[in-house]
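Each chain, written out:
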Amino acid sequence: DYGGGMGKLVLGQTKAIFTATNIDVKDDGHDLPRCKIEQFQYLDAGGHIPVSLVNRKVPESLNTVGRIVESFKRDEEVDKAELISLADTIKNEKQYYD
């Protein structure tokens, strides 16, 4: 017996579209691949639902993008590439001082 004793139920549905698109940024000095991530989500609760349920479930669904961002985070590599580029500029280009 599935759902027994749950009381009155309302049928609802949700649909999501998740896209990841490569971004080609030429001559930016990073030489690291990048992408743009988007999530579009539609929710039809099918009636009135408790706010507490919405407050619990919506962050869970949005957390997917956050987990992907964390898994692909490359801040240290980008910072290192910037530092190498700056050091190369200081080392190899003529500096002008007032």
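Sequence order sets the numbering: in each chain, residues are counted from 1 along the sequence as written. Where totals are concerned, whole chains, interfaces and linings use all residues; where local detail is concerned, this predicted model gives features only for residues with pLDDT of at least 70, and gives and counts side-chain atom pairs only at 80 or more. The side-chain numbers reported here are obtained from all heavy atoms of the structure, hydrogens and water having been left aside.

A.B. asks: Account for the overall build of the protein, with residues named and values stated.
C.D. replies: Segments assigned H or I by DSSP are reported as helices when at least four residues long, segments assigned E as strands when at least two residues long, and all are numbered from the N terminus. A tally of regular secondary structure across the protein gives two helices and two strands. Reading the protein from its N end, one meets helices and strands in the order β-β-α-α. Burial here depends on accessible area, computed with a 1.4 Å probe over protein chains only, as a share of the maximum for the residue type. Under 20% is buried, over 50% is exposed, and the range in between is partly exposed. Put simply, the protein has 98 residues, and 3% of those count as buried. For the protein, long-range pairs separated by at least 24 residues make up 61% of all intrachain contacts whose partners lie at least 6 apart in sequence. Just so you have it, the protein exposes about 9,000 Å², and 55% of that area is on carbon and sulfur atoms. In what follows, a contact means two residues having at least one pair of non-hydrogen atoms within 4.5 Å. Where accessible areas are quoted, they stem from the Shrake-Rupley method and a 1.4 Å probe; at the residue level, only the protein chains shown are allowed to cover.

A.B. asks: Tell me about a nonpolar patch on the surface, and name the residues and values.
C.D. replies: On the surface, Ile49, Val54, Val58 and Leu62 cluster together into a nonpolar patch covering about 280 Å² of accessible area. Tracing the chain through its elements places Leu62 in helix α1 (residues 51–72). Patch membership requires over 30% relative accessible area and the absence of a salt bridge. Like charges are linked within 9 Å, and nonpolar side chains (Val, Leu, Ile, Met, Phe, Trp, Tyr) within 5 Å. Salt bridge, as used here: a side-chain nitrogen of Lys or Arg that lies within 4 Å of a carboxyl oxygen of Asp or Glu.

A.B. asks: I'd love a proper account of a negative patch on the surface, names of residues and values included.
C.D. replies: Only four residue types enter the charge count: Lys and Arg as positive, Asp and Glu as negative, with His and the chain ends excluded. We put the charge of a Lys on NZ, of an Arg on CZ, of an Asp on CG and of a Glu on CD. A contiguous patch of negative charge on the surface is contributed by Asp75, Glu76, Asp79 and Glu82. One can find Asp75 in helix α2 (residues 75–92). For Asp75, a relative accessible area of 45% corresponds to the partly exposed category.

A.B. asks: Go over the pattern of salt bridges, please, and point to the residues and values.
C.D. replies: Counted under the stated rule, the structure contains two salt bridges. Residue Lys36 is joined to Glu38 by a salt bridge in which the shortest nitrogen-to-oxygen separation is 3.8 Å. When the shortest N-O distance is used, the salt bridge between Lys57 and Glu60 registers 3.6 Å. With a gap of three residues between them, Lys57 and Glu60 both fall in helix α1, about one helical turn apart. Here Lys57 falls in the partly exposed class, since its relative accessible area comes to 44%. Using a relative accessible area of 44% as the deciding quantity, one classes Glu60 as partly exposed.

A.B. asks: Lay out the confidence of the model for the protein with the relevant residues and their values.
C.D. replies: pLDDT expresses how confident the predictor is about each individual residue, on a scale running from 0 to 100. Per-residue confidence for the protein gives a mean pLDDT of 79; residues scoring 70 or more make up 89%. Taken element by element, the predicted model of the protein shows its lowest mean pLDDT in α1 (81) and its highest in strand β1 (residues 13–23) (85).

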